[in-house]
Amino acid sequence: MNAFEIIGGKKLKGEIQPQGAKNEALQIISAVLLTDQKVTISNIPDIKDVNKLIELLGDLGVTVERLSKDTYTFEAKNINLEFFQSDVFKSKGGSLRGSIMIVGPLLARFGKAAIPKPGGDKIGRRRLDTHFLGFEKLGAKFVYDSKKEFFNVDATNLQGAYILMDEASVTGTANIVMTAVMAKGTTTIYNAACEPYLQQLCKMLNRMGAKISGVGSNLLTIEGVTKLGGTEHRMLPDMIEIGSFIGLAAMTESEITIKNVCYAELGIIPEVFRKLGIKFELRGDDIFIPSQKHYVIESFIDGSMLTIADSPWPGFTPDLLSIVLVVATQAKGSVLIHQKMFESRLFFVDKLIDMGAQIILCDPHRATVNGINKQYKLRGISMTSPDIRAGVSLLIAALSAEGTSTIFNIEQIERGYQDIDTRLRALGAQIKRVDASSPSH
């Protein structure tokens, strides 16, 4: 068990490069199963969830070659479908939420797949019904083996269909798109997710020979084709990291340049941080954040308190709400944070309250933050990270706090952020990895 020990309260300075987008990686890498030809993917983040998926593809028979730290080639020529029945798959597939993403491509190309019940973050009731309902509409049949907690899927005759999604799930849309690209006839997906991750997937599939139109909107039309070919693809930088680094700069009064952000794909994110009073400017494709002592939260035009809520893209991503909440604790002014899309993601605020933040948790979905305008710094404490996003928010709080903080369960952070401690040290942060099992902790 590792922990991070952080001595906070220092200004940071320098440049930081965001990693490739984790949420894009899981679907893009799964898509290599749709063709027997070589696919080259660059800007892949070196993180546990992604590496596990790459390993799983290797076990399935995909030839994987690592060309550099962030670039791989995949060739899914000889796939071993018997692997699904093995104990190795049951243990590996079950621990990785991303493993659901290989189902769509396998159904499309081979007409069958299997999955154990997936694991992943503890964020309330994340269901996979959207995926399954989509597969069923396209003609797949599910058999759930409750003893083994396993789904076997048969899809020998996939037909295009009209699918009205019950929720605009990114992974659900991606999986249905990958299943539909080789189904007979036309598939229409309405209420489709339209995140940049998904646009990237559709553009990549089109380069491979798919016929998907409506990319970037919530209405996708897919004309089935008989086969797909190889391609090259570069992943977008991770917008969650970019937002996290903007927040980090503001909290620690640091001058930071975030490199190569693909600004046009960030949507509303920069605007939300501006509403918190954070100043930054675009220099080429870099975001430059000057050191600023204070930032003032805007209020609505009628003077009422600002609300920041998450909603499906192009709304504000739920993954950055915990970052916004932390940053607001040191702002001047108040804000209501409303987490609509998941429950239990705000429970980490008790740690911030222990550190001296003024937050009222109204219910599992809403928290009011009264910014203290840096009248005093938060205090360092020991704490445990509940999930990926909260972990980074606590890390930012610790870096801005007076004194020493220890964050346990950092495996949760490292599932989503590569070499985060090394990259922060390059900015001057005092963060080190310690063995959490030693008596002093």
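None of the values given here were measured: they were computed from a predicted structure.

Parameters and conventions
Residues numbered from 1 in each chain as written. Predicted model: local features only at pLDDT ≥ 70, side-chain atom pairs only at ≥ 80, totals over all residues. Heavy atoms only, no water. Disulfide = S-S within 2.5 Å. Buried < 20%, exposed > 50% of the residue type's maximum accessible area, 1.4 Å probe, protein only. Salt bridge = Lys/Arg side-chain N within 4 Å of Asp/Glu carboxyl O. Helix = DSSP H or I, 4+ residues; strand = E, 2+ residues; numbered from the N terminus. Pairing = 2+ DSSP bridges. Axes fitted to C-alpha atoms, helices over the stretch in contact; angles between N-to-C directions. Domains from an automatic or database assignment. Contact = heavy atoms within 4.5 Å. Buried area = accessible area lost by both parts, 1.4 Å probe. Polar contact = N/O pair within 3.5 Å; in protein donor to acceptor, adjacent residues only side chain to side chain. Nonpolar A, V, L, I, M, F, W, Y, C, P; charged D, E, K, R; others polar. Patch = residues over 30% accessible without salt bridge, like charges linked within 9 Å, V, L, I, M, F, W, Y side chains within 5 Å. Areas by Shrake-Rupley, 256 points an atom, 1.4 Å probe, with all protein chains shown as cover.

A. A look at the state of the cysteines. Applying the stated rule across the entire model yields 0 disulfides. The closest cysteine sulfur to the non-disulfide-bonded C194 is located on C202, 10 Å from its own sulfur. Residue class for C202 comes out buried when judged on its relative accessible area of 1%.

B. How the structure looks around the pattern of salt bridges. Per the stated rule, a full pass over the model turns up 21 salt bridges. The salt bridge partner of K259 is E15, with a shortest N-O separation of 3.9 Å. With K259 in the loop between strand 14 (255-258) and helix 9 (269-275) and E15 in strand 2 (residues 13-16), this pair connects stretches of sequence that are 244 residues apart. Residue classification places E15 among the exposed residues on the basis of a relative accessible area of 52%. One network of salt bridges, with partners in common, ties together K11, E253, K293 and K374.

C. Broad picture of the sheet that holds strand 14. Pairing is mixed in the open sheet, where 4 strands are placed in the order 2-14-16-15. Strands at the two margins of the open sheet, each flanked by one partner only, are strand 2 and strand 15 (281-283). Averaged over all pairs of adjacent strands, the angle between their axes in this sheet comes to 20°, without regard to strand direction. Across 4 bridges, strand 2 lies against strand 14 in parallel orientation. Residue E15 lies in a different strand from strand 14, and its bridge partner there is T257.

D. Summary view of the domain arrangement of the chain. As far as domains go, the chain holds domain 1 (2-19 + 237-435) and domain 2 (22-234). Here the C-alpha centroids of domain 1 and domain 2 sit 31 Å apart. Contacts between domain 1 and domain 2 engage 25 residues on the former and 24 residues on the latter. Across the interface of domain 1 and domain 2, roughly 2,000 Å² is buried in total on both sides, 46% from carbon and sulfur atoms. Across the domain 1-domain 2 interface, the total number found is 2 salt bridges. Counting across the interface, domain 1 meets domain 2 through 4 residue pairs in polar contact (both at pLDDT 80 or more). Only helix 8 (239-252), helix 12 (388-400) and helix 13 (411-414) provide two or more residues apiece to the side of domain 1 that touches domain 2. With 3 residues, the top contributor of residues to the side of domain 1 that touches domain 2 is helix 13. The residue makeup of the side of domain 1 that touches domain 2, split by class, is 9 nonpolar, 5 polar and 11 charged.

E. Structural view of a nonpolar patch on the surface. Taken together, Y162, L164, Y190 and L219 make up a surface patch of nonpolar side chains, about 400 Å² in accessible area. Relative to the helices and strands, Y162 is located in strand 9 (residues 162-164).

F. Quick look at the environment of S393. Along the chain, S393 falls in helix 12. Owing to a relative accessible area of 0%, S393 belongs among the buried residues under this scheme. On a C-alpha basis, the gap between S393 and S146 in space is 38 Å, while along the polypeptide they are 247 residues apart. Ignoring sequence-local partners within four residues, the contact set of S393 consists of S322, I323, V326 and F348.

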